[in-house]
Structure formats: C-alpha cells, structure tokens
Amino acid sequence: MKGYADYVKDGCARIMKEHHRPIVGKFLHGEERLGTTLSKTQKPERIRSVCSELVKVCPKVPLPEQEVRSKKDKCRACRGVVSDAMFVIRRSSLGELPTKTLKKKKLEVFDLLENLCVETYTRHDDLPDVYHEVCMDMWEADEEKMLEVLTQHANEEKVEEEERKAAASLCAQTFGYCAKKEM
C-alpha cells in the first residue's frame, strides 16, 4: 500500500479485517478477462459490488446522469476522466499535501497519473473505450494544462466543488468536450 494516503491505508485495513473472506471471494471466483488488451474487464463490477453492496462505503455508480451511453458522449467521458484523476491524486500521499505544495510536484503527479487512460478499462464498464479515447486525447493535446488544473483543484476538503471546477476548466474551456451549460 506504498504511496497511498494514511486514511486510505487505515480504511483498507479496517475493511479487510471486517470483510476479508467475502472480498477475496469476489475476486477469486469466476474468470477475469484482463484489460491489458484495452478490453472491458469484470473488475469495475466486482469493485462496485464490494464497495457499494458489501461494505457500503461507495455510491452505486455509474449514476444515470454520469453514464456514458454512446461513443458521442465525450462530455460525460471527459468529466469521468477528470473525476478519476482527482480520485487517484486524493487517495495517494500527494493528496494530503496543501495545494500550493502539490502544484510544485507536477512530475510526481504525472508519474502517479501515468496509467490513468489504460485504467479506464478497469474503472468503467459503461463504454470504457470512450473514456480511454478522451483521456488519451486530453493528455496528448495539453498535458501541461491537465497537470496545472488537476493540481490546482485537488483539495480534499471541497471534493465535489473542486472536481466541478476542474471539469469545467478542462472539459469545457480547454478541450471543448462540453458546453458550459453541461457543467
């Protein structure tokens, strides 16, 4: 669990202590298609089952208003990519840093987010290829802007507000995936 924030380590240890057998059972039973070939996996469904139904620490997702339903739904995919990136930063030890300090650690944040686009196949089961395409396009088009906005808005205290600001900045203003009214 190296690199994770202390609250994540503590929560994981507590949850595994209380629910070890059912959690391990979810991942041992059934054949897993690995997402190494940029294909859909069963991992999002299994994680959702554990987090939402077994330990009840996560909402059931994707919420209908966030679900990517077609290849043209790039605005929702962009918001999902921003949300994923913010989550990865928050759960890491970097997420515990003040925003001013985090802005100075862009290289570390870049390393942390290096696999973000490939991980869309293990995070999303509602058309993960759309998330992947949008994610790759965003990073290739302006990785510096991505890092600037993500580090600026990775404030743990105002998660939803900061995520909305980051998504508006990246998805509407920078990359044009969303109209301002969709934000």
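What comes next concerns the included structure. Source: prediction; values computed, not measured.

Reading the values: the criteria
Residues numbered from 1 in each chain as written. Predicted model: local features only at pLDDT ≥ 70, side-chain atom pairs only at ≥ 80, totals over all residues. Heavy atoms only, no water. Core = buried A, V, L, I, M, F, W, Y, C linked by side-chain atoms within 4.5 Å. Buried < 20%, exposed > 50% of the residue type's maximum accessible area, 1.4 Å probe, protein only. Helix = DSSP H or I, 4+ residues; strand = E, 2+ residues; numbered from the N terminus. Contact = heavy atoms within 4.5 Å. Expected span 1.5 Å × (residues − 1). Phe/Tyr/Trp six-rings, centres within 6.5 Å; stacked < 30°, edge-to-face > 60°. Salt bridge = Lys/Arg side-chain N within 4 Å of Asp/Glu carboxyl O. Disulfide = S-S within 2.5 Å.

Side note on the nonpolar core
Reasoning step 1: Of all hydrophobic cores here, the largest spans 34 residues; its most connected members are Val-82, Leu-113, Met-138, Trp-139, Leu-150 and Leu-170.
Reasoning step 2: Among the elements that line this core, the one with the most residues is helix α7 (residues 128-152), at 10 residues.
Reasoning step 3: When near neighbours in sequence (up to four residues on either side) are disregarded, Leu-170 contacts Val-82, Met-138, Lys-145, Met-146, Val-149, Leu-150, Phe-175 and Gly-176.

Thoughts on helix α8 (residues 159-174)
Reasoning step 1: Taking 1.5 Å of rise per residue, 16 residues should cover 22 Å, and α8 covers 21 Å from first to last C-alpha, within 8% of that figure.
Reasoning step 2: Among all positions in α8, only Glu-162, Glu-163, Ala-166, Ala-167, Ser-169, Leu-170, Cys-171 and Ala-172 are buried.
Reasoning step 3: Summarising the contacts, the buried residues of α8 are in contact with α3 (74-91) and α7.
Reasoning step 4: Of the residues flanking the end of α8, it is Gly-176, one or two places downstream, whose phi is positive at about 70°.

So, the environment of Glu-114
Reasoning step 1: Along the chain, the position of Glu-114 falls in the loop between α5 (106-112) and α6 (120-123).
Reasoning step 2: The spacing of Glu-114 and Trp-139 is 25 residues in sequence and 9.8 Å in space, taken between C-alpha atoms.

A word on the packing of aromatic side chains
Reasoning step 1: In this structure the tally under the stated criterion is 2 aromatic pairs.
Reasoning step 2: Here Phe-110 and Trp-139 contribute two aromatic rings whose centre-to-centre distance is 6.1 Å and whose plane-to-plane angle is 75°, an arrangement assigned as edge-to-face. Here Phe-110 is found in helix α5, whereas its partner Trp-139 is found in helix α7, with 29 residues between them in sequence.
Reasoning step 3: Judged by relative accessible area, which is 26%, Phe-110 ranks as partly exposed.
Reasoning step 4: Classification of Trp-139 by relative accessible area gives buried; the value is 12%.

What about the pattern of salt bridges?
Opposite charge on two side chains allows them to pair when their charged atoms are near.
Reasoning step 1: Across all of its chains, the model carries 10 salt bridges by this definition.
Reasoning step 2: The residue Asp-129 makes a salt bridge to Lys-71 at a minimum N-O spacing of 2.3 Å. Note that Asp-129 is positioned in helix α7 and Lys-71 in the loop between α2 (43-54) and α3, a separation of 58 residues in sequence.
Reasoning step 3: The salt bridge involving Glu-133 is made with Lys-74; its shortest N-O contact spans 2.6 Å. Taken together, the positions of Glu-133 in helix α7 and Lys-74 in helix α3 put the pair 59 residues apart, joining distant regions of the chain.
Reasoning step 4: On the basis of relative accessible area, Lys-74 is assigned to the partly exposed category, the value being 24%.
Reasoning step 5: Look at the salt bridges and you will find they share partners, linking Glu-161, Glu-162 and Lys-165 into a network.

Digging into the state of the cysteines
Reasoning step 1: Tallied over the full model, the rule gives 3 disulfides.
Reasoning step 2: Here Cys-75 connects covalently by a disulfide to Cys-178, the sulfurs 2.0 Å from one another. Judged by the sign of its S-S torsion, about 105°, the bond between Cys-75 and Cys-178 is right-handed. One end of the pair, Cys-75, is in helix α3; the other, Cys-178, is in the segment after α8, with 103 residues separating them in the sequence. Taken as a pair, Cys-75 and Cys-178 share a single burial class, namely buried.
Reasoning step 3: At a sulfur-sulfur separation of 2.1 Å, the disulfide partner of Cys-78 is Cys-171. Because the sign of the S-S torsion sets the handedness, a value of about -90° for the bond joining Cys-78 and Cys-171 places this disulfide among the left-handed ones. Residue Cys-78 is located in helix α3, and its partner Cys-171 is located in helix α8; the two are separated by 93 residues in the primary sequence.
Reasoning step 4: Here the disulfide map of the chain reads 1-6, 2-5, 3-4, the bonded cysteines being numbered as they appear in the sequence.

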